[in-house]
Amino acid sequence: MVATAQAEKQILWDPRSQSKFVVGGGSQISLYEWAPEQSGIRHLSSRGDLSFVKCFAWSPDPVVDDLFAVGLVTGRVELIRLEATRVARNNVLSSGPVTTLPVRNSRSCNTLVFCQADPNYLAVGLDKVRGDPSLIIWDVQSCVSTLLPSKAGLPSNDAVITRPQPRIAKADVGPRADSRMLQQHAPTEVVSALSFLPQSTCLLLAGMSFRWFRLFDLRSPTSATTNVASKVSGIATNVIDPHQVACCGDGTVTIWDIRKLPQPLLTFTDKDAVADGERPRPGSVVQHIEFSSTRRGMLAVMEKDSTYVRFWDIRSANAADTLEGERSRDSSQSRAPRRSWTNLPWTASGSGAGIGISEFQDPSSVVLADTRKTKIFGRSLASFALVPDARPFSVTSQIMVVNKEGDLELHVVHDTPKHSTWSSRGDLVIGAGLSCRIFPGSQDEGNPSHPWDASIDQTGDEPIPFGNGGADSSLVSKRDADGLPTLLTARFADRRQYKPRLYSPASFRHFQLEASPARGERSAERLFQRHVGDRVELQAQHVPTEKSIPRNGRGTSRAIQQVIEDDISMVMRTRAIRGYGITNAVHNAKLTRTDPFGRGGISEIWAWILHSQGLLCFPTPRIHGYDFSNQGLQGIWHGFPPLPRATVARSKSTISLPVDLLSTSFEAATTDTNSSGTPSPTDIPGLLATSSQSTEDVFYGDFDAAVGLLLSRQNPARLPPSPSIRTKKTKQRQLALQLCGWSLADEDLSSAIKKWEREGQCTRAACWLVFTKQYAEAREVLMRSEDKTHHLVAGTLQALVPGESKSSEMRELSERLTIGLPDPYVRAMLTQLISKDWFDVLEEEALSLHERLAIAFQFLEDKALSSYLHRTVEHLSSRGVIEGLVITGLTPDGMNILQNYVDHTGDVQTAAILSSYVCPARFQDPRAERWQEAYRDLLDGFKLFHHRVNFDIGRGQILQEAVRNGDLPSTYEWVPRHILIRCNYCSKPTNPSNTVAPSNNRVTTCPGCDRALPRCCVCLMTLRIVPDASRDADLLKSRSASKDTIEDAIIICQTCRHGGHASHILAWFFGEEGAGLHGICPVAECNCRCGDEL
C-alpha cells in the first residue's frame, strides 16, 4: 500500500513478484510491464475516471492478479480490476466493474493494506471524525464474484472453506452496518499507516495519530493491542524475516522485532549515513521505506524531495564500544569512538560478522556503517519500488523510480563487496556474488623470518637524509677530516603533507581504484571461483560512482592490493621484519626512506637523533649535573633543571641510547684523532672529572658552563660564528646551530654555495647569500644560472638591494610578484629584502624545518626567538608533525607531539620505539606505556614473537642502564612478575611485594591467613621463603655474607603440586653424581614423574 500526497505519483510493484507495476496519482492509475530482455517498459492499461485518489493497494490474490483497492478523499474505497479496461465492447473500451466499500461519515482515506496470508482481508485507515471509528477491517471475498466477467476462475467452495487460520472474528458493528465489515477500531484517532504481518492473518500494525505504534490482535472481536510511543508515518514489513518491521517518522527510521516490543532494535537517521559521504539535511523527512523481498536485511529509504534513494544494510550493525583509558591527553573532551564493521580487530580470532541486532538493548548504542545510495537523479523523486530479482546470487539491486512529473527510470545498484575480518597478517578476503578473492597483506618472500636474520646496515658510508632532503643529501653524522659534522646541504623538496590514517576496507568505496603497476613480479591475488551457472567476476561488481572508474579488472585488483600493502599496519609489519627497532638508528633512518611514512619525517628524525647524540653524548651526556641526552633545541635555549646531586653521584659515564645505535656516529670521531686536530678528553679542562663523575663538582648547576664544555669538545676553528645581533645566549645559539646541522662560517657557506650551484639550486644559493648580505655574489650566482627566469630575479634583486633608491611603486610591484612565485627561496629572498622582517621569512613553510630553525637562531633576537620556538612547537604538535621533536627532544613536550603523530598516522611503532628511550628511564608517561604495549600486542598479532622479544630485550637494556645510572631505583621491576607462590588456603601470595623483613628472617607462614607453608616432600621440614625485598637488599651489599645459592630455592611440580627444597629434590631425582635414582614423585602414592620436567 502507498498513500498519495496531493497529486504526486506513487509506484507499487506486483506483490506476486512478477514484472508488472502500477503508477497512480490524481485521478488516474496505470499498469505497466517491465521487459528486461528488451530493456523497455510497456504500458498495459489505465484507469482515468476515478475521483481524486488518496491511496491504493494491490491485492496479492493469486486468482485475480489485477485487483486493486483505491482509497478516495471522500473515504470511500473502490475495488477495481485494471486488466478489465482492456476488454472492448463494440470497439469501445470499458472501465470494467467496480465494487464500493462505503463509509458512514465522509473523511479522507489515508491508507489501505491487503493481508498477504489471506488476500480477502482488507484494512482501511481513515481520518478521525467524531463518533466514528477510523480503522475498519473488511472481508472482500464476496466482492470477487462481481469483479470477474465469468465464474471461470472462481475458487471452489472447498477452497473457501479452507481459508488460512486463524480467521478474523466478526464483531458487533451495528445492525445497519455493511455485512462485509468485520471489525472497527480507533474511534478518536487518525490512522496514518497500516500493515499486516507477512505470515499472519490477524496481526495488524498501525501508526496512530502520529504518536503511537500499535499492534492489533484481531482474533477476538475486542482486539487486544500493544502500544509503543513512536511517531509513525510509514510501515514496512520484511518478507524474509517476518518478525522484523521498520517504521519511519519525520527523519528517523526504527527497526523493531515484533516479538520484543516495546524496545526497538535499531534507530538511525541520515546523520548515520557516513559510509556514502552523506551530509545531513536540516529538517529532512523520510517519505517512503521498503524492505527487499530477495535480499536479507536490505532496507531502501527515500526522503521527501530527495533526488536519490539510500540502501541500508541493517545486518552490519554493531554495538558501540567505549574505549578504556584516555586516547589523548585530554580524554574528557574526546568522544569515545563508536564501533562498526569498519573497526577491524587485529586478533585472528576476532569475528568479522556483524552482531545480530536482536542482541541489542539500547538502540542508541548501535551503528550502521554499510550504506549506499543510487545516483543523483535530475529531478526530485516522488516514489520508488524495489524490483524483485529472480536470478540466484545476484550482485545487483534494481529499483524503479518515478519523479514528480511522472517520468519512470530503472536504476541498477551494484552490491558492496563483502569482506571478512582483516587477518593478523593483513590478508583480506573480499567476496561478491559467487566470487571470493584473497588479497595478501604482505609478501614475505626474501624477508628474514627472525630478527637476528635481518641485515642491519650499520655503515655510515651512504648519506642519511636530514630534514626534507633527498637521498643525495649530505650525512648528518658523517664527520670530516677534523672529526666534526659536515655542513648539511639537503636539497630542497616540496613541503610534504602527512598521509592520513591508512586504510580500512570501508574506505574502498571512496578510493578511486585506478590501475597501477604491481610491486615487483609477484602475484597479487589468489582466486577462488565456484562455477554455478553464470560466472560472476569480482572486478565487475564494485559500486559505480559519478567519477569514471577504469573497467580494467586486473588493474583494479592490483590497485586494491597496493592500498592494502600501503596500510600503516602492513608498513609497520614490513619495518619490523626488516630490522626496524631500538638498537640501530642508522638502519632505521635508511629503512624508513623507502616506505610511505618515512617521507613524512621519520627518516629525518632518526638522522637528527643520530646527529644530536653524537654532539651531546660523546663521551658523556651528563655535565655539571645536567643530562643533555634526548634534549632538543628548546631545552638548549631555555635550559632545564639539573639532576639531583644524589643521582649525579651514583651515575656513571654513559650515553642514553644503546652503544650499537651510536657506534657508527662515533667511529669517525674516534679514529685518527691526533692527526685531525680534534681535542681529546685529556685536552679539555674538566672533562675527565665530568666523565668520571667525581663527588665534588664546583660547576654543578651552572648551565652556561655545561654548554661551554659541550662546545669545547668540538674543534674551535669549526664552531659556528657568533650571531651579528646582540644576545645574552651566544653559546646556546652556537650549540643550537650545530644541532640544526647548520653553519654560516665562511668556509662552510662557500663550499655549500658551490655545491648548490652544481646541483642547480641557484636560488637557494642566492637566498643564503642575501641573508648574509652578500648581494653582489647573489646576483652573480643567479646570472650564471641556465634558467632565464633567474636572470629576471637578479634584476629584481638589484632593484631591492639596500642602499639603492627604491620607489613605492617598485616595492608594491615586488610584493605582488612575490606572492605568485613558485620557488620558495625566491619568495623568502624577496620577502626579506622588502619587509626586513625575519618573521615573514619564517612563515615560508616550504623551507625545510631545520633551515627555518637555522634562520631563527642566526637572525632573531632573544625574545623573538623564544616566542618563535613556542609558536612552532604548538603548530607542529597540533598537526602531528614528528619533526617537531627536533625542537622539543624526547621530553614530556615531545610526547605531546608523538601523541598527535599517532592520532594522524596510526604509526604506533615509531612512537613506541622513540618513547622507549626515555619512558620510564627518564620520566613516566602513561601514553608511552600504552604505545609500547600496543606495539607488543601488534607484533604478537602478526605472530612475530621473536621480534617482540627482541623489542623487549632492547627496552630491558635501556632500563638496566638507567638503574646503573641511578635514574631508576635498584628495586625497580622491569617487567611484571609472571610466577607467584599462592597459599593453598587463602589463595593470596605468600611473598607480597610490600613485605620487608630482616635478612635473617625466613617466612614460614602465609602472611594472609597465618597458616604454615607446605613441607618439603623429602626432608618433611616446613618450607621457608626469603622475602624478595630482603634478598635484593642483601645482594646489593657488597660485604654481605648472604649468597644467592640454590639452598634458598624451592621447586614445585606444576602437575601434582608437590615440591620442596631445590637441593633435596635434585638429589632425589638425580643423586649426587647426576645419575637418575628415582623417576617418580617422593610423595607416597603419587605416581607423577616430576623428574621428567627438570
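Owing to the predicted nature of the structure, the values given are computational and were not obtained by experimental measurement. (Residues numbered from 1 in each chain as written. Predicted model: local features only at pLDDT ≥ 70, side-chain atom pairs only at ≥ 80, totals over all residues. Heavy atoms only, no water.)

Topic: the sheet that holds strand 12 (residues 109-114)
A sheet is described by the order of its strands in space; here 4 strands give the open sequence 12-13-14-15, paired in antiparallel fashion. Here the strands that pair on one side only, and so sit at the sheet edges, are strand 12 and strand 15 (181-185). Between one strand axis and the next, the sheet turns by 15° as a mean value, whatever way the strands run. With 5 bridges connecting them, strand 12 and strand 13 (residues 121-126) associate as antiparallel partners. Following the sheet pairing, Cys109 is matched in strand 13 by Leu126. (Pairing = 2+ DSSP bridges. Helix = DSSP H or I, 4+ residues; strand = E, 2+ residues; numbered from the N terminus. Axes fitted to C-alpha atoms, helices over the stretch in contact; angles between N-to-C directions.)

Describing the nonpolar core
Counting residues in hydrophobic clusters, the biggest one holds 120 residues, and the most contacted among them are Trp606 and Phe628. Judged by nonpolar contacts, the second largest core, of 23 residues, contains Cys55, Ile136, Cys143 and Met181. (Core = buried A, V, L, I, M, F, W, Y, C linked by side-chain atoms within 4.5 Å. Buried < 20%, exposed > 50% of the residue type's maximum accessible area, 1.4 Å probe, protein only.)

A few points about helix 19 (residues 824-835)
Compared with the 16 Å implied by 1.5 Å per residue over 12 residues, the 16 Å span of helix 19 between its first and last C-alpha is a close match. Of all 12 residues making up helix 19, 11 are buried, and the element is well covered by its neighbours. Of the residues making up helix 19, those classed as buried are Pro824, Tyr825, Val826, Arg827, Ala828, Met829, Leu830, Thr831, Gln832, Leu833 and Ile834. If you check the start of helix 19, you find a side-chain oxygen 2.9 Å away from the backbone N of Tyr825, and it comes from Asp823. Once helix 19 ends, the next one or two residues include Lys836, with phi positive near 60°. (Expected span 1.5 Å × (residues − 1). Polar contact = N/O pair within 3.5 Å; in protein donor to acceptor, adjacent residues only side chain to side chain.)

Section: the pattern of salt bridges
Side chains that differ in charge, positive against negative, can pair when their charged atoms come close. As enumerated under the stated definition, the model contains 39 salt bridges in all. In this structure, the salt-bridge partner of Glu189 is Arg214, at a minimum N-O distance of 2.8 Å. Placement of the pair is Glu189 in the loop between strand 15 and strand 16 (191-196) and Arg214 in strand 18 (residues 212-217), with a sequence separation of 25 residues. Overall, Glu189 belongs to the buried group, its relative accessible area being 13%. For Glu757, the salt bridge is made with Arg784, and the minimal N-O distance between the two is 3.0 Å. (Salt bridge = Lys/Arg side-chain N within 4 Å of Asp/Glu carboxyl O.)

What to know about the confidence of the model for the protein chain
Looking at the protein chain as a whole, its pLDDT mean stands at 75, while 71% of the residues score no less than 70. Long-range and interchain partners of residues 319-361, a stretch whose pLDDT sits below 50, account for 77 contacts in this model, where long-range means more than four residues apart. A low-confidence stretch, residues 994-999 (pLDDT under 50), is modelled with 9 contacts involving residues beyond four sequence positions or located in other chains. (pLDDT = per-residue confidence, 0-100. Contact = heavy atoms within 4.5 Å.)

Overview of the sheet that holds strand 21 (residues 244-249)
Judged by pairing direction, the sheet is antiparallel, and its 4 strands sit side by side in the order 20-21-22-23 without closing on themselves. With partners counted over all chains shown, the strands left at the sheet margins are strand 20 (234-237) and strand 23 (266-268), one partner each. Strand after strand, the sheet turns through a mean of 15° between neighbouring axes, direction not considered. Sheet topology places strand 21 next to strand 22 (residues 252-257); 6 bridges connect them, and they run antiparallel. Bridge pairing in strand 22 places Val245 opposite Trp256.

Some thoughts on the pairing of strand 16
In summary, the side chains of a regular strand alternate between the two faces of the sheet. The element strand 16 is extensively covered by neighbouring structure, given that 6 of its 6 residues are classed as buried. Across 5 bridges, strand 16 lies against strand 17 (residues 203-208) in antiparallel orientation. Counterpart to Phe196 in the pairing with strand 17 is Leu204. Counted between consecutive antiparallel strands, the loop separating strand 16 from strand 17 contains 6 residues.

Regarding helix 14 (residues 746-758)
When the terminal C-alpha atoms of helix 14 are compared, their 19 Å separation across 13 residues agrees well with the 18 Å that a helix rising 1.5 Å per residue should span. Along helix 14, the residues that are buried comprise Asp748, Leu749, Ala752, Ile753, Lys755 and Trp756. The buried residues of helix 14 occupy an angular sector of 165° when the element is viewed end-on, so they sit on one face. Summarising the geometry of helix 14, the exposed residues directed more than 90 degrees from the buried face are Asp746, Glu747, Lys754 and Arg758. Elements that come into contact with the buried residues of helix 14 comprise helix 15 (762-771) and helix 16 (775-783). Gly760, located one to two residues past helix 14, shows a positive phi value of around 85°. (Arc of directions from axis to C-beta.)

What about the packing of aromatic side chains?
Within the structure shown, the criterion is met by 21 aromatic pairs. For the ring pair Trp742 and Trp756, a centre distance of 6.3 Å and an interplane angle of 25° mean the geometry is stacked. Of this pair, Trp742 sits in the loop between helix 13 (730-739) and helix 14 while Trp756 sits in helix 14, placing them 14 residues apart in sequence. Like Trp756, Trp742 is buried. Seen from the ring of Tyr308, Lys373 lies directly overhead, with NZ or CZ sitting 4.7 Å from the centre. (Phe/Tyr/Trp six-rings, centres within 6.5 Å; stacked < 30°, edge-to-face > 60°. Lys NZ or Arg CZ within 6 Å of the ring centre and 35° of its normal.)

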